[in-house]
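Descriptive analysis of the structure
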Amino acid sequence: MPVRTTDSSVSGRGRGVGLGLALLSAVAFGGSGVAAKPLIEAGLEPLHVVWLRVAGAALVMLPLAVRHRALVRRRPGLLAGFGLLAVAGVQACYFAALSRIPVGVALLIEYLAPALVLGWVRFVQKRPVTRAAAVGVVLAVGGLACVVEVWSGLGFDALGLLFALGAACCQVGYFVLSDQGSDAGDEAPDPLGVIAYGLLVGATVLTVVARPWTMDWPVLGGTASMDGRPVPAAVLLAWIVLVATVVAYVTGVVSVRRLSPQVAGVVACLEAVIATVLAWVLLGEHLSAPQIAGGAIVLVGAFIAQSSTPSKGSGQQVASGGPERELSRRGTSA
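Residues numbered from 1 in each chain as written. Predicted model: local features only at pLDDT ≥ 70, side-chain atom pairs only at ≥ 80, totals over all residues. Heavy atoms only, no water.

Looking now at the overall build of the chain. Scanning the chain from N- to C-terminus turns up 14 helices and two strands. Taken over 334 residues, the chain has a buried fraction of 53%. Sequence separation of at least 24 residues holds for 85% of the intrachain contacts in the chain that already meet a minimum separation of 6. Of the roughly 14,200 Å² of accessible surface on the chain, 68% is carried by carbon and sulfur atoms. (Helix = DSSP H or I, 4+ residues; strand = E, 2+ residues; numbered from the N terminus. Buried < 20%, exposed > 50% of the residue type's maximum accessible area, 1.4 Å probe, protein only. Contact = heavy atoms within 4.5 Å. Areas by Shrake-Rupley, 256 points an atom, 1.4 Å probe, with all protein chains shown as cover.)

Dropping the structure here:
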């Protein structure tokens, strides 16, 4: 006798897959900084590393762009916005920040984005948020104050902090734009096509800004120092392109489609923890006790803010397990 599969069990499995993809995306993104910083210290400019990352990933995803070329006609605004904010903006601001401040600190500031997403929900989408959400934002800002040690006259480079905040604003665009069309059924834009064209747009913009023809190309044929240990620069670049960009974006966007910007944002905050631990182990970047405590407060505040946000079209809270937004089958879509 065949076993009947209930909607709740299918929804639960889909949600589990979405959370797993979001976690994988956080791990992949979290490894970008520790691989990029040695290249920057070896002589490459931050923008050149960003260009290599995005242009390399765009080449890998080019066959998918050709397959989903109808998206250019159907959703030009989405593709341009994703390329400018979620790809070029996030990467350029983040890499510029980590060239001036520790990797963990740059990521902790960038991941004020979940709190900013909450502001988007409240003031742009005009949806109510709970008191607990406001408390979460206050906690996140307070934790940030500990991270940057405001009592010591802003111990970190001010320009680096501004770059990190710019990355946070662009990160909001990543979560919001990744969710576009998720409830459109078979008419939803294929996430792989959106990523492919976003990378192409980002690479085009960064080519003008970074001017790769001025890059110190011989650096890529040598080695970079990772806390005193020589590592082939080509290996670091391959990791940045294939894992920290292609895998990270694909799993991240698909997880947002299966969950929501709010829930995906919660899991994405683990990227800051992962990057901080990797920077500690691989780069020897040690944070002080107040900074570690502040980072924990940032993550707790972001979690509270996100889990308190009502899900789309529902009075339920994300934390209570609102309705699953299933990823539509896109095998034949543009």
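Here the narrative resumes, following the displayed structure.
Right, let's talk about the packing of aromatic side chains for a bit. As enumerated under the stated definition, the model contains seven aromatic pairs in all. Through a chain of ring-to-ring contacts, three or more aromatic side chains come together here, namely F29, F82, Y174, F175 and Y249. (Phe/Tyr/Trp six-rings, centres within 6.5 Å; stacked < 30°, edge-to-face > 60°.)

Attention now moves to helix α13 (residues 270-283). One turn of the α-helix equals 3.6 residues, which is why residues spaced by three or four share an orientation. In a regular helix each residue adds 1.5 Å, so 14 residues correspond to 20 Å; α13 covers 19 Å between its end C-alpha atoms and thus fits that length. Every buried residue of α13 is accounted for by E271, A272, A275, T276, A279 and L283. The arc that holds every buried residue of α13, seen down its axis, measures 130°, which confines them to one face. (Expected span 1.5 Å × (residues − 1). Arc of directions from axis to C-beta.)

Averaged over all residues, the pLDDT of the chain is 78; the fraction at 70 or higher stands at 78%. Looking across the chain, the model is least confident in helix α12 (residues 261-268), with a mean pLDDT of 70, and most confident in helix α3 (residues 46-67), with 94. Every residue in residues 1-5 scores below 50 in pLDDT, and together they form two contacts with partners more than four places removed in sequence or on other chains. Taken together, the stretch residues 309-334 has pLDDT below 50 and engages in 76 contacts with residues farther than four places along the chain or on a different chain. (pLDDT = per-residue confidence, 0-100.)

For the rest of this paragraph, the subject is the pairing of strand β2 (residues 229-232). In this sheet, β2 lies alongside strand β1 (residues 223-226) in antiparallel orientation, the contact comprising four bridges. Across the sheet, residue A224 finds its bridge partner in β2, namely V231. Between β1 and β2, which pair antiparallel one after the other, the connecting turn spans two residues, and D227 there sits at a positive phi close to 55°. (Pairing = 2+ DSSP bridges.)

For the rest of this paragraph, the subject is the nonpolar core. Counting 84 residues, the largest nonpolar core has L39, L44, V49, F82, F95, Y174 and L199 as the members making the most contacts within it. Setting aside its immediate chain neighbours within four residues, L44 contacts L39, V49, L52, M215, D216, V219 and L220. (Core = buried A, V, L, I, M, F, W, Y, C linked by side-chain atoms within 4.5 Å.)

A word on the packing of α3 against helix α11 (residues 233-258). Where α3 contacts α11, the axes come no closer than 9 Å and their chain directions differ by 60°. Regarding the angle of α3 to α11, the classification is oblique. Two packed elements cross with a definite hand, and for α3 against α11 that hand is right-handed. Facing V49, L52, R53, G56, A57, V60 and M61 of α3, the residues of α11 in contact are L237, I240, V241, L242, A244, T245, V246 and V250. Residues that form the contact of α3 with α11 fall into these classes: 12 nonpolar, two polar and one charged. (Axes fitted to C-alpha atoms, helices over the stretch in contact; angles between N-to-C directions. Parallel < 35°, antiparallel > 145°, perpendicular 65-115°, else oblique. Left-handed = near helix turned anticlockwise from the far one by under 90°. Nonpolar A, V, L, I, M, F, W, Y, C, P; charged D, E, K, R; others polar.)

Before going further, it helps to spend a moment on helix α10 (residues 191-210). Under the 1.5 Å per step criterion, the end-to-end length of α10 is 27 Å for 20 residues, consistent within 8% with the ideal 28 Å. Here α10 has its buried residues at P191, G193, V194, I195, A196, Y197, G198, L199, G202, A203, L206 and A210. In the core, the buried residues of α10 are packed alongside α3, α4 (71-74), α5 (76-98) and α11. Of the residues flanking the start of α10, the one acting as N-cap is D190, its side-chain oxygen 2.8 Å from the backbone nitrogen of L192. Where α10 terminates, the next one or two residues include R211, which has phi positive at roughly 50°. (Polar contact = N/O pair within 3.5 Å; in protein donor to acceptor, adjacent residues only side chain to side chain.)

Even without being glycine, R211 reaches a positive phi, approximately 50°. Tracing the backbone through its elements, the reader meets R211 in the loop between α10 and β1. Assessed through its relative accessible area of 46%, R211 is described here as partly exposed.

Counted according to the given criterion, the structure contains one cavity of 30 Å³ or more. Within this model, the largest cavity holds a volume of roughly 190 Å³. For the lining of the largest cavity, the elements supplying multiple residues, two or more each, are α1 (7-30), α5, α9 (158-178), α11 and α12. Counted by class, the lining of the largest cavity contains 12 nonpolar, six polar and three charged residues. (1 Å grid on protein atoms, 1.4 Å probe; cavity = no way out; pocket = protein on both sides within 12 Å on 5 of 7 lines; lining within 4 Å. Points joined across faces, edges and corners; volume = space filled by probe spheres on them.)

With that settled, the discussion passes to the environment of L84. Within the fold, L84 resides in helix α5. Judged by its relative accessible area of 44%, L84 is partly exposed. Considering only alpha carbons, one finds L84 and A203, 119 residues apart in sequence, at a separation of 9.4 Å. In this structure, L84 is in contact with G89, V201 and V205, ignoring residues within four places of it in sequence.

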